[in-house]
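# Understanding the architecture of this molecule
Chain by chain, the residues:
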Amino acid sequence: MSANPQWDISRALGVARLFHLVCGVRDACVTPFLTLYLKQLGLTAPWVGLLMGTKHLIAAFWAPFCAFLAKSYQKRRVLLIGSLLGSVGASLLMVLVPPLDKDLVYRSCNASSSVTTTVVPLGVSRTVNITSAQEATSNHRAGPPGLLAKSTGSMETSGFRIGADESHQEPFGHLPNYLVDSVEGARTTSQVLHHVTSFEVVRTALSLLPDGTELGRPANLSIVKGKAQALGLSLEGLRWTFILSLGSMVFWELLTAPLEQVADDSLYEYLDFVDATDHYRSLWVWRLLGMSVGVCSISALVGQLDCFLMTNGPRGVVHFYGYSLVSTLALLVSIAFPVPICKRREPSYKTIKALSLIGGDPRLILLAFTVFLVGAAASTVQNFLFWHMKDHGSSELVMGFSVALSLLGEILLHSFKMALLKKLSRVGTVGLGLGCLAGQLLYYSFLWSWWSVLPVQILSAFSSGALWWAVGASLEDLATPGTKRSVSAMFRGHFYGGGSSLGSFVGGFVVMYSSLAVLYQACCVVLLLWLALFLTIQARLPQERKINYSELLVMEASDTSDSEEGTERDWLVRAMREEHSDWKG
């Protein structure tokens, strides 16, 4: 046992590994499936994009500010415990947000529930039979609220067929281009139904589709339903659902965002006191392992427990219950998490110094734009890929398995990190990562089955893992002493988070007015254009001179002298003087 328990490194590393593992499981319970839950609440792509963009924006700027305050006032452990404790309750606020259409049942726990529909062929003129008063009907479930929601009339037009719920149990690829003529068995309503408005909503939604769009295709189903739903639902219900979701997510993110950065800073400074920061570099593996286990486990639990925990609401509340449960476990681990007690005097205004350094180096500016674009492209995958998979019949277990594949691929590739960086160079590895991400986005736009996303997930090892390794290695070489962690935090927080925020804002509206396939293809084109520009500019930048200290140290003794003239001829002394003067400047 160590004589000074404060510096028990083995115990500190053990607690840190456990904390990262539990936090990985915790994040995996909700984060990958959050946009899918928002869709089940009835929010369409633009509103989901606004919510996710706000979430990324808060994380990008609120987390560094809280980390600075916690360090300045020596309240890191208080912030860790408060963040975990607050997130337990804040996450459950999302469960209380009512769905946009309370009469809609989003899933079927009873296999006998079904919807009877009648279709009419293409080319029939649009007519509407209006029933102006409420009608008592049977208890069968109604279809999605986008088309003919709260309607007991009939309509003839060109279009497509809607299934019983959002699980789309019938293979839409085998259906002709028809539109629902009538929906039998709608729930009894409590107010007069406005059928003329419903018809206008459908006609307007159909008119927004691009020319030549095949409505029967699963890839276009969410877009058509989303447009009709966004236009057809009452402004009052939309406003309350969106406002409550926004308030819950903002409050939740304000409590959760500082956790990771405060924990990382605390552990790094703790290990830095005893020159053991080499162990810090391998802790990220435990977080990825936790996420891999968590995303598969929660996906399996959702299918088994959802019908027992919620029978009349949106699917997915198990994600939030699991998140709260694992957050409680992380709260217990955080009590023993290593936090340095001794105060160290460090230069203030590190963020300003890091920003000044980035603005004065063209290589760092180029990397900053690269990270920003990667964040924007990656946000479209995080926000809407599961929507795309859902349209093709994928279950949440398949979605979770796809995430686990990408994380495990990154862990396995880490063994070849040094060989990859040495063989391709840092610039080449960044280019490889951008190319793989562009290839993934192009592949996502052509999904054809529930399993088709799985093979391409292995490329995430390069588009996420290798790309960030190359960026990190470049930052270590280009940053001046004392600013490496500040520059790295700015790249991962401000630039990547800012890109994710912008990508979420723009991506939602692109999905609204075109399709998910168009969004992914557009991101692919932008990344390929930036890749060509990145390599062109990088080749024209002046190459920095590398000083090989090992060769200088074995120079003959005659090359050095105690005299002033001899000292000026010593390459090593000159190099160290230049580095010292740059550091002071």
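See the structure above.
Below you will find a few notes about this structure. All figures in this text were calculated on a predicted structure; none of them were measured in a lab. Every chain is numbered on its own, with residues counted from 1 as its sequence reads. This being a predicted model, a pLDDT of at least 70 is required before a residue's local features are given, and a value of 80 or more before pairs of side-chain atoms are given or counted; all residues contribute to the totals for chains, interfaces and linings. Calculated side-chain values reflect all of the structure's heavy atoms, with hydrogen atoms and water omitted.

### Some thoughts on the overall build of the chain
- Secondary structure summary: the chain contains 20 helices and 4 strands in total.
- Every one of the 585 residues in the chain was classed for burial, and the buried ones make up 50%.
- In this analysis, two residues are considered to be in contact whenever any of their non-hydrogen atoms come within 4.5 Å of each other. Of the contacts formed within the chain by residues at least 6 apart in sequence, a portion of 84% connects residues at least 24 apart.
- The Shrake-Rupley method, run with a 1.4 Å probe sphere, supplies the accessible areas, and residue values consider only the shown protein chains as cover. Element-wise, carbon and sulfur atoms account for 62% of the exposed surface of the chain, whose accessible area totals about 28200 Å². Runs of H or I in DSSP of at least four residues are treated as helices and runs of E of at least two as strands, each being numbered from the N terminus. Summary of the burial criterion: residues with accessible area below 20% of their type's maximum are buried, those above 50% are exposed, and those between are partly exposed, where the area comes from a 1.4 Å probe applied to protein chains only.

### Side note on the packing of helix 4 (residues 76-96) against helix 10 (residues 317-334)
- Relative orientation of the contacting elements helix 4 and helix 10 amounts to 165 degrees, with a least axis distance of 9 Å. Relative to helix 10, the element helix 4 is oriented roughly antiparallel. In the packing of helix 4 onto helix 10, the handedness of the crossing is left-handed. Contacts from Arg77, Ile81, Leu84, Leu85, Ser87, Val88, Ser91, Leu92, Met94 and Val95 of helix 4 reach helix 10 at Val317, Phe320, Tyr321, Tyr323, Ser324, Ser327, Thr328, Ala330, Leu331 and Ser334.
- For this classification, the nonpolar set comprises Ala, Val, Leu, Ile, Met, Phe, Trp, Tyr, Cys and Pro, the charged set comprises Asp, Glu, Lys and Arg, and every other residue, Gly included, is treated as polar. Of the residues that constitute the contact of helix 4 with helix 10, the class distribution is 13 nonpolar, 6 polar and 1 charged. Angles run from 0 to 180 degrees between N-to-C directions of axes, and those axes are lines fitted to C-alpha atoms, restricted for helices to the stretch in contact. These descriptions rest on fixed angle ranges, namely under 35 degrees for roughly parallel, over 145 for roughly antiparallel, 65 to 115 for roughly perpendicular, and the rest for oblique. Handedness of a crossing follows from how the near helix is turned relative to the far one, being left-handed for an anticlockwise turn of less than a right angle and right-handed for a clockwise one.

### Re the environment of leucine 385
- Structurally, the position occupied by leucine 385 is in helix 12 (residues 362-391).
- On the basis of relative accessibility, which here comes to 4%, the residue leucine 385 falls in the buried class.
- Once the C-alpha coordinates of leucine 385 and leucine 516 are considered, the two residues, 131 residues apart in sequence, prove to be 8.4 Å apart.
- Excluding residues that lie within four positions of it along the chain, leucine 385 makes contacts with Thr380, Tyr444, Leu447, Val453 and Tyr520.

### Some thoughts on the pattern of salt bridges
- Any carboxyl oxygen of Asp or Glu within 4 Å of a side-chain nitrogen of Lys or Arg constitutes a salt bridge here. All told, the structure shown has 9 salt bridges when counted by the stated rule.
- Ionic pairing is found between aspartate 27 and arginine 287, a salt bridge with its closest N-O pair at 3.1 Å. Here aspartate 27 is found in helix 1 (residues 9-30), whereas its partner arginine 287 is found in helix 9 (residues 284-309), with 260 residues between them in sequence. Of the two residues examined, aspartate 27 and arginine 287, each falls in the buried class.
- The shortest N-O distance in the salt bridge between arginine 76 and glutamate 269 comes to 3.1 Å. A residue pair is termed long-range when its members are at least 10 positions apart, and arginine 76 in helix 4 and glutamate 269 in helix 8 (residues 258-272) qualify at 193 residues. Taken individually, arginine 76 and glutamate 269 each receive the classification buried, so the pair is uniform in this respect.
- What you see here is one network of salt bridges that share partners, running through Arg26, Asp27 and Arg287.

### Focus: the packing of aromatic side chains
- Whether two aromatic rings pair depends on their centres lying within 6.5 Å, for rings of Phe, Tyr and Trp, where Trp uses its six-membered ring; planes under 30 degrees apart make the pair stacked, over 60 edge-to-face, and the rest tilted. Taken as a whole, this structure holds 16 aromatic pairs when the rule is applied.
- Between the aromatic rings of tryptophan 47 and phenylalanine 242, the centroid separation amounts to 5.1 Å while the plane-to-plane angle is 55 degrees, which identifies the pairing as tilted. Linking tryptophan 47 in helix 3 (residues 45-72) with phenylalanine 242 in helix 7 (residues 235-256), this pair joins segments that are 195 residues apart in sequence.
- Every member of this aromatic cluster is reached through a ring pair, and the members are Tyr37, Trp252, Phe320 and Tyr323.
- Distance and angle both matter: a charge sits over a ring if NZ of Lys or CZ of Arg is within 6 Å of the ring centre and within 35 degrees of the ring normal. Lying across the ring of tyrosine 268, arginine 485 places its NZ or CZ 4.1 Å from the centre.

### Digging into unusual backbone geometry
- Backbone geometry at glutamine 74 places phi at a positive 55 degrees, although glycine is not the residue there.
- Residue position: glutamine 74 is located in the loop between helix 3 and helix 4.
- The backbone phi angle of serine 425 is positive, close to 70 degrees, even though this residue is not glycine.
- Using a relative accessible area of 34% as the deciding quantity, one classes serine 425 as partly exposed.

### Observations regarding the nonpolar core
- Each nonpolar core is a collection of buried residues, namely Ala, Val, Leu, Ile, Met, Phe, Trp, Tyr and Cys, held together in the definition by side-chain atoms within 4.5 Å. Counting residues in each nonpolar core, the largest one holds 115 residues, and the members touching the most others are Leu38, Phe384, Leu441, Val471 and Phe491.
- It is helix 12 that provides the largest number of residues to this core, a total of 13 residues.
- If sequence neighbours within four positions are ignored, phenylalanine 491 has contacts with Ile358, Leu364, Leu367, Ala368, Val371, Trp468, Val471, Leu475 and Tyr496.
- In terms of nonpolar packing, the next biggest core, distinct from the first, is built from 5 residues, Leu413, Leu420, Ala461 and Ala466 among them.

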